[in-house]
Each structure stands twice: as structure tokens, then as C-alpha cells.
Amino acid sequence: MSLRRRVLVGFLAVAAVLVITNLALSSPLRSFLVDRVDRQLIDVASRPVFGGDRGRAPGPPPGESQTFTEYFIAVGDRNAANFSRRSSAFSDEEQPPPRLEQAQVLAHATRRGVPPRPFTALAERGRESWRLVAVSSPRADQITVVGTSLDEVDATLGRIRLVQLAGTTAVLLALGVVSWWMLHLGVHPLEDMARTADAIAGGDLSRRVDHPGQKTETGRLGKALNSMLERIEDAFRAREESEERVRRFAADASHELRTPLTSIQGYTELWRAGGLASEETLAEAMRRMEQEARRMAALVEDLLLLARLDQHRPLERSTVRLDELAADGVRDARAVEPDRPIDASLEPVVLDGDEMYLRQAVANLLTNARVHTPAGTPVRVSVGVNEGHARLEVADGGPGMDPATVAKVFERFFRADPSRARAAGGTGLGLAIVAAIAEAHGGRAVADSQLGRGSTFVVELPLSLGSVQAALLRRELP
């Protein structure tokens, strides 16, 4: 059963209970009021004048005026069918007298000394009712009927019922407003959540739940659901990006491996066809196959290195001087390209890390600067400490990159030049390896570049205990 239906059933149940309670209270209340009237009638009818005294008929002496009282008084012969009215405060037009039936009166008549038995009779006209008692005279030949109208009782019950009706209506109205408010705060948001969940199940992960108030349970539920949806959407987006990277990685790796394999296969087929008859052409073919084999081996090594880093294998940590690794990398770069000016500003920095991986990162950064900038472009290498992190920075004065290229520069197999000409650079794994090594050490790699102003690549690594040693080394150096 839905929550709305439960609230409706509860509302109807409360309304039924109120109605039944009002009906149940009306009957005892009327009985109480009638019982009070009966006690008054019994008290009045028990007076001697209504029972007859020394044989005199009840009521005033013949010829005297009637006594006006709030009670109805009538006298009749037991054997006669008519009763003569002796007293009443109202005229018949104002208040019709009761319809006195002899059988009913005789059935309820009592002798003196016996408690009267009140009974109810309808008025001669209209729907009013009377409460009556019948008392026999000592001679048992006359009966005196004393009664009072139940108009006041009925009016009192009518007023009480109006109050009950007004109270019940007010309670039901308030209950209806509260129920509507509860449904508005509870059911409607839940229905919105259900519709949102259906839309999300249909593939629309961008849908969110409205939660205007966080003080209610539904508001907190909506906020938690939106947080969960954001995580799910991020997870799906990350999975899609990961799958896209895997597909692109596989495609790029296949392309990079296919190129040297195609060259080697071409030279072998040329040799088999007798196209490498001379020693010079054979030597050139062997040299080219060797180059392609080395390039393919380097590519395989880079792929294996990235695979190991992706598996998060424990690093072979040791105490490493980052400034010394950078100095070795600068010397190697100068040996490869003596005409390129390379400026080094190296502060002593000691950290815990994998020396082989860190050397690879330094070498890749310097190779990237050498390959992607014109010959003779100056390069600056610096090592220092910044905000508790070791900082390795390699900056060049090359042509720079646009923001779109900077955003993707650490992606695997990415090249600023979409073409795959060898002149455009290497395989596109060098900076990806740098970023993976930095992440494996708990650090990060960032790039900053502007067109026409060169590029700067920074690797930040946590110092841990090595920072203390670095500080001591700085104090010892002049």
C-alpha cells in the first residue's frame, strides 16, 4: 500500500472514530439529562397534594383559578378516557400538551408511597415530546398526571451536537491540512525521487532530486541521493574515460609497434627477393632494421614500465639525492647536444624514492625539451624545496603550447602534432611516464606553457624524512 493511501485510510479511520464517538456520547448524555428530569418529576409528584388528601381531588378547589407552573398537570378518572388539564405555564398554541393515552397512563400509574415510573409521550401536535409520571389517588379512582416538556433537553442536546459537529469538522479540517502538508513534504518528494530514479535507470545520469529543505527526512534523503548520484556519474564518467584511454592506448600501441615491424618485414622480404645484392644496400638495410628494432624495444620497455606503475607495485625506496640525479641528467643532455645551452640551479634535496624511476623521470623531461624545441633553444633545470615538497623544474624557451595541448600533455601517446611523423617526436609516452612516476611517489607532475613563451614542467615529490637531511646539507654548504 502506498504512503498516500495509508494516510488517506488513516484520515478516514480518524473521521469514523470521531463520528462514532460523538454518536456514542449523545445517547448517554441524553439519558443523563432525561434522568435528571425524571428525578425532578418524581420529587414533584411525591408531594401530598398530587396524591390526594382526605378524599379531596388534587388540584385547586372548583371555581378557583388555575395555578400557573412550569409543569403540566392533568387529572382524569381511571375509567374515563379523558383527562382534564389543571395547570400549565404555556397555552396550547405556544406549547402543545402531551397526547395522553389511557392505556399508557394506566400502565405507568403508581399508588401513593410507590416511586412513580416516568414515561415519554409525544405532543398532540408537532414532534415535541414530554416526560410524564402518573400518580393514583388513595381512592384509586382518579389519576393525576404530572409532566414537563423535553424541549430544553432536546435543545441542549442540539447545541451539544452542534458543538460536536463544529469540533469534529475543525479536527477533520486540521487533520486534512496536516495530512496534505505531510503528503506535500513526504510523498511528493518521494514521487520525484522515484521519477528521477526511473530516468537515471533509463540512462540519464545528469538528473538530480530537488531537496528544498534539509531539516526534513526527505530533504536529507534527497541530498544524500544527489551525492550518491554525483559519485555514480563520476564513476561512470571515469569508467568511460578509462575505457576510452584503454582503447586509444591499444590502438596507439598497435600503431607504434606495427611501424617498426612493417619496416623490418619489408627489408626481409626485399632481401628474400634478391633486392639486397650489394654489400652497401645490405648494410643499410641491416642498419635500418637495427634502428627499428631498438625503437620497438624502447617502446616495449616504456609500455612495461607504465604497466608496472599502473599495478602500484612497491617501489624500491632508498635515500636519493634529487639534485645529483638532475646533475647527471644535465651532463647526459649536454653530451647528446653540446650546442644547446642548459642552465642548472640545483639545491641539495634528499628524499626517499626509487632512484631508477627518478632518473627515468629526469631523463624524460630533458629529452622532451630537446625533442620538442628547436636546436640551440635554452633549457633551465632547477631543484629545490617548496612548501614541504621537493621540486624538480625543467623549463625551455621553445614555441610553447596552447591550453588544449597543455591539458592533455601527460596523456599516453598524446602528441601536440596529430600526425604520427617521426619528426613530430617520440612515441608520446615520455611525459606520461613522468606523471606515473610522480604519482607512484605520492607527488604530481604539472605543466605550464604559453604560445611563444616556452614551457615549464614541474615534478613535486614529498620529502618526508629526507627534508631534515636536506636542511642540514644547506647549512654545511657555503
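Residue positions are given per chain, counted from 1 along the sequence in the order it is written. The predicted nature of this model means local features are confined to residues of pLDDT at least 70 and side-chain atom pairs, given and counted, to a pLDDT of 80 or more, with totals for whole chains, interfaces and linings taken over all residues. Side-chain measures were taken over the full set of non-hydrogen atoms in the model, leaving aside hydrogen atoms and water.

Engineer: Would you explain the overall build of the protein chain in this entry?
Structural biologist: Segments assigned H or I by DSSP are reported as helices when at least four residues long, segments assigned E as strands when at least two residues long, and all are numbered from the N terminus. The helix and strand inventory of the protein chain stands at 11 helices and 13 strands. Categorising residues by exposure relies on relative accessible area from a 1.4 Å probe, with only protein chains included: less than 20% of the type maximum marks a residue as buried, more than 50% marks it as exposed, and the intermediate range marks it as partly exposed. The buried share of the protein chain, taken over its 478 residues, is 35%. Here the protein chain displays about 28,300 Å² of accessible surface, and carbon together with sulfur accounts for 57% of that area. Surface exposure here means Shrake-Rupley accessible area, sampled with a 1.4 Å probe, where a residue is shielded only by the protein chains that are shown.

Engineer: Explain the sheet that holds strand β13 (residues 455-462) here, please?
Structural biologist: Backbone-to-backbone hydrogen bonds join strands into a sheet, with any given pair of strands oriented parallel or antiparallel. Here 5 strands make up an open sheet; going across it, the order is β8-β10-β11-β13-β12 and the pairing mixed. Bordering the open sheet on either side are β8 (342-346) and β12 (444-449), each of which pairs with just one other strand. Pairwise comparison of adjacent strand axes, ignoring direction, gives a mean angle of 15° for this sheet. Only strands joined by at least two bridges in the DSSP assignment are considered to pair. In this structure, β12 lies alongside β13, joined through 6 bridges in antiparallel fashion. Opposite arginine 444, over in β13, you have glutamate 460 as the bridge partner. Packing against the sheet, helix α7 (residues 322-336) makes contact with β8, β10 (379-386) and β11 (389-396), and its axis sits at approximately 170° to β8. Packing against the sheet, helix α8 (residues 355-371) makes contact with β10, β11 and β13, and its axis sits at approximately 20° to β11. Angles here are taken between N-to-C directions and fall from 0 to 180 degrees, while the axes themselves are lines fitted to C-alpha atoms, restricted in helices to the stretch in contact. A contact between two residues is defined here by any heavy atoms of the two lying within 4.5 Å.

Engineer: Can you walk me through the confidence of the model for the protein chain in this structure?
Structural biologist: Parts of the model with low pLDDT should not have their predicted coordinates read in detail. Per-residue confidence for the protein chain gives a mean pLDDT of 79, with 83% of residues at or over 70. For the stretch residues 51-67, pLDDT sits under 50, and the model shows 22 contacts to residues farther than four places along the chain or on other chains. Known as pLDDT, the predictor's per-residue confidence is scaled from 0 to 100. In the predicted structure, residues 419-424 sits below a pLDDT of 50 and forms 12 contacts with residues beyond four places in sequence or in another chain.

Engineer: In this structure, what is going on with the nonpolar core? I would like to understand it.
Structural biologist: Buried together is how nonpolar side chains tend to be arranged in soluble globular proteins. If you look at the biggest cluster of nonpolar residues, it comprises 46 residues, and the most contacted ones within it are Leu351, Leu365, Val381, Leu392 and Val459. Of all the secondary structure elements, the ones that give two or more residues to this core are α6 (279-310), α7, α8, β10, β11, α10 (430-440) and β13. Sequence-distant contacts of leucine 365, defined by excluding residues within four places in its chain, comprise Leu392, Val394, Leu431, Val434, Phe457 and Val459. Throughout, nonpolar core names a set of buried Ala, Val, Leu, Ile, Met, Phe, Trp, Tyr and Cys residues whose side chains join them through atoms within 4.5 Å. Counting residues in hydrophobic clusters, the runner-up holds 14 residues, among them Ala74, Leu132, Ala134 and Ile143.

Engineer: Sorry if this is basic, but what is going on with unusual backbone geometry here?
Structural biologist: Excluding glycine, most residues fall at negative phi; most peptide bonds, likewise, are trans. A positive phi angle, near 55°, is found at glutamate 387, a position not held by glycine. Within the element layout of this structure, glutamate 387 appears in the loop between β10 and β11.

Engineer: Can you walk me through the environment of valine 34 in this structure?
Structural biologist: The residue valine 34 is located in helix α1 (residues 3-45) in this model. Residues valine 34 and arginine 131 lie 97 residues apart in sequence; the distance between their C-alpha atoms is 8.1 Å. Excluding residues that lie within four positions of it along the chain, valine 34 makes contacts with Arg131 and Val153.

Engineer: Which parts of the structure should I look at to understand the pairing of strand β1 (residues 72-77)?
Structural biologist: Each regular strand displays side chains that alternate between the two surfaces of the sheet. Most of β1 sits out of view: 5 of its 6 residues are buried. Across 6 bridges, β1 lies against strand β6 (residues 142-149) in antiparallel orientation. Bridge assignment links glycine 76 to a residue of β6, and that residue is isoleucine 143.

Engineer: For this particular structure, what's the right way to read the packing of α8 against α10?
Structural biologist: A packed helix pair is summarised by two numbers, namely the angle formed by the two axes and the spacing between the axes. Running from N to C, α8 and α10 cross one another at 145°; their axes reach a closest spacing of 9 Å. Two packed elements cross with a definite hand, and for α8 against α10 that hand is left-handed. Taking contact as the criterion, the partners of Tyr357, Leu358, Gln360, Ala361, Asn364, Leu365 and Asn368 in α8 are, on α10, Gly430, Leu431, Ile433, Val434 and Ile437. By convention, the crossing between two helices is left-handed when the near helix turns anticlockwise from the far helix through less than a right angle, and right-handed when the turn is clockwise.

Engineer: Sorry if this is basic, but what is going on with α8 here?
Structural biologist: An α-helix turns once every 3.6 residues. As a result, residues three or four positions apart point the same way. Any helix carries an expected span of 1.5 Å times its number of residues minus one. Compared with the 24 Å implied by 1.5 Å per residue over 17 residues, the 24 Å span of α8 between its first and last C-alpha is a close match. Every buried residue belonging to α8 is among Tyr357, Leu358, Ala361, Val362, Asn364, Leu365, Leu366, Asn368 and Ala369, and all of these are buried.

Engineer: Sorry if this is basic, but what is going on with a nonpolar patch on the surface here?
Structural biologist: Like-charged residues within 9 Å of one another, or nonpolar side chains (Val, Leu, Ile, Met, Phe, Trp, Tyr) within 5 Å, are grouped into patches, provided each residue has over 30% relative accessible area and no salt bridge. For salt bridges, the criterion is a side-chain nitrogen of Lys or Arg within 4 Å of an Asp or Glu carboxyl oxygen. On the surface, a cluster of nonpolar side chains totalling about 460 Å² of accessible area is made up of Val178, Trp180, Trp181 and Met182. Mapped onto the elements, methionine 182 comes out in helix α4 (residues 151-201).

Engineer: Just checking my understanding: could you explain the environment of threonine 169 for this structure?
Structural biologist: Of note, threonine 169 is situated in helix α4. In this structure threonine 169 comes out as partly exposed when scored by relative accessible area, which is 45%. Sequence spacing of threonine 169 and leucine 18 is 151 residues, and the spatial spacing of their C-alpha atoms is 9.7 Å.

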